[in-house]
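One-letter residues, chain by chain:
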Amino acid sequence: MAVGRFYLSCLMLGSLGLLCILFTIYWMQYWHGGFAWNFSDLRFNWHPVLMVTGMVVLYGAASLVYRMPQSWVGPKLPWKALHAALHLLAFILTVVGLEVVFSAHNEKHISNLYSLHSWVGITTVFLFTCQWFLGFAIFLLPWASPWQRSLLKPIHVFFGAFILSLAIASVVSGINEKLFFSLKNATKPYSSLPSEAVFANTTGMLVVVFGLLVLYILLASSWKRPEPGILTSRQPLLRDVE
């Protein structure tokens with residue numbers, strides 16, 4: 001029963017994450033002309049899709065690997081590899097997402113890194129880069145001692161949740177910034193809530209709800225991987241897995 005509730009939550013979270021991606025794609029396709037790699041306006045449209053997919057949805061999925069009851073028993077190495085691989089995929093999409101926005105700006109002679117959105121976003125990516133390489137070196141490679149891993153684990157967990165929170169803030173501020181730019185000369189301004197604004201704001205709210213649910217599952221003590229010898233209240237979950 002407990003495992004069923006967990007996987008029901010994961011199913012809801014997966015559906016919500018898919019909606020975040022699909023809504024972002026539809027926004028760029030319907031109101032901004034779709035996608036291309038050879039025209040700056042259309043190439044820019046990849047940026048929100050790649051960032052939502054990588055820094056929010058895939059990052060959130062990677063963060064929840066150790067909450068799966070199957071990861072609580074047996075060797076940890078396969079789960080570490082999965083955790084690192086999903087984060088690496090998220091990182092690759094994020095780098096591509098940054099490349100398209102910088103190249104699109106440069107072609108149109110638009111300044112880079114001047115807005116609060118860009119500052120929060122680049123800080124998020126910088127911390128994500130440090131987090132991934134430090135996690136790979138300490139927790140996946142065999143050279144680190146147990147006491148070093150125990151010392152760094154709380155820091156790693158904290159920054160994992162902190163980076164996700166920054167990613168959500170970056171996406172929401174980016175949606176807001178895009179609407180201000182695209183609707184400033186429109187017949188219906190942003191303040192009149194045209195259909196694009198309603199749809200994009202809804203997309204932002206979906207991203208916020210997705211992030212909050214991921215953070216809730218991460219912080220819920222009943223779904224954390226138990227430390228060796230401390231199985232007590234979570235024995236039913238482990239029996240269901242076995």
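Rules used in this analysis
- Residues numbered from 1 in each chain as written.
- Predicted model: local features only at pLDDT ≥ 70, side-chain atom pairs only at ≥ 80, totals over all residues.
- Heavy atoms only, no water.
- Axes fitted to C-alpha atoms, helices over the stretch in contact; angles between N-to-C directions.
- Helix = DSSP H or I, 4+ residues; strand = E, 2+ residues; numbered from the N terminus.
- Parallel < 35°, antiparallel > 145°, perpendicular 65-115°, else oblique.
- Left-handed = near helix turned anticlockwise from the far one by under 90°.
- Nonpolar A, V, L, I, M, F, W, Y, C, P; charged D, E, K, R; others polar.
- Contact = heavy atoms within 4.5 Å.
- Phe/Tyr/Trp six-rings, centres within 6.5 Å; stacked < 30°, edge-to-face > 60°.
- Salt bridge = Lys/Arg side-chain N within 4 Å of Asp/Glu carboxyl O.
- Buried < 20%, exposed > 50% of the residue type's maximum accessible area, 1.4 Å probe, protein only.
- 1 Å grid on protein atoms, 1.4 Å probe; cavity = no way out; pocket = protein on both sides within 12 Å on 5 of 7 lines; lining within 4 Å.
- Points joined across faces, edges and corners; volume = space filled by probe spheres on them.

Peer 1: Pulling in residues and values, what's your account of the packing of helix H5 (residues 116–140) against helix H6 (residues 146–183)?
Peer 2: Interaxial distance between H5 and H6 falls to 9 Å at its minimum, and their mutual angle equals 155°. As the angle between them shows, H5 and H6 are arranged roughly antiparallel. Between H5 and H6 lies a crossing whose hand is left-handed. Split into classes, the residues belonging to the contact of H5 with H6 amount to 11 nonpolar, 10 polar and three charged.

Peer 1: I'd love a proper account of the packing of helix H3 (residues 46–63) against H6, names of residues and values included.
Peer 2: Put simply, H3 and H6 touch, their axes get as near as 10 Å, and they point 140° apart. In terms of orientation, H3 lies oblique with respect to H6. The way H3 lies across H6 gives a crossing that is left-handed. Contact with H3, carried on its side by Val 52, Met 55, Val 56 and Tyr 59, involves Phe 159, Gly 160, Ile 163, Leu 164, Ala 167 and Val 171 of H6 and no other residues of that element.

Peer 1: Tell me about the packing of aromatic side chains, residues and numbers included.
Peer 2: Under the defined criterion, the tally for this structure stands at 16 aromatic pairs. Note on Tyr 26 and Tyr 30: the rings are 5.4 Å apart at their centroids and 10° apart in plane angle, and the pair reads as stacked. Placement of the pair is Tyr 26 and Tyr 30 together in helix H1 (residues 2–32), with a separation of four residues, close to one helical turn. Every member of this aromatic cluster is reached through a ring pair, and the members are Phe 23, Tyr 26, Tyr 30, Trp 31 and Phe 199.

Peer 1: Could you give an account of the pattern of salt bridges, naming the residues involved and the relevant values?
Peer 2: Tallied over the full model, the rule gives one salt bridge. As a salt-bridge pair, Glu 107 and Arg 43 come within 2.8 Å of each other at their nearest N and O atoms. Note that Glu 107 is positioned in helix H4 (residues 77–107) and Arg 43 in helix H2 (residues 40–44), a separation of 64 residues in sequence. Among the residues examined, Glu 107 registers a relative accessible area of 46% and is labelled partly exposed. With relative accessibility at 7%, the residue Arg 43 sits in the buried group.

Peer 1: Can you explain the layout of surface pockets? Please cite residues and give values.
Peer 2: Space inside the largest pocket adds up to approximately 1,100 Å³. Of all the secondary structure elements, the ones that give two or more residues to the lining of the largest pocket are H3, H4, H5, H6 and helix H7 (195–219). Residue contributions to the lining of the largest pocket peak at 10 residues, all from H6. Here the residues of the lining of the largest pocket are counted per class, giving 19 nonpolar, eight polar and eight charged. In this structure, the second largest pocket occupies an estimated 870 Å³ of space. Contributing elements (two or more residues each) for the lining of the second largest pocket: H1, H2, H3, H4, H5 and H6. Examining the composition of the lining of the second largest pocket, we find that nine residues originate from one element, H6, more than from any other. Residues belonging to the lining of the second largest pocket are distributed by class as follows: 20 nonpolar, 17 polar and four charged.

Read these as spatial facts, not as claims about activity.
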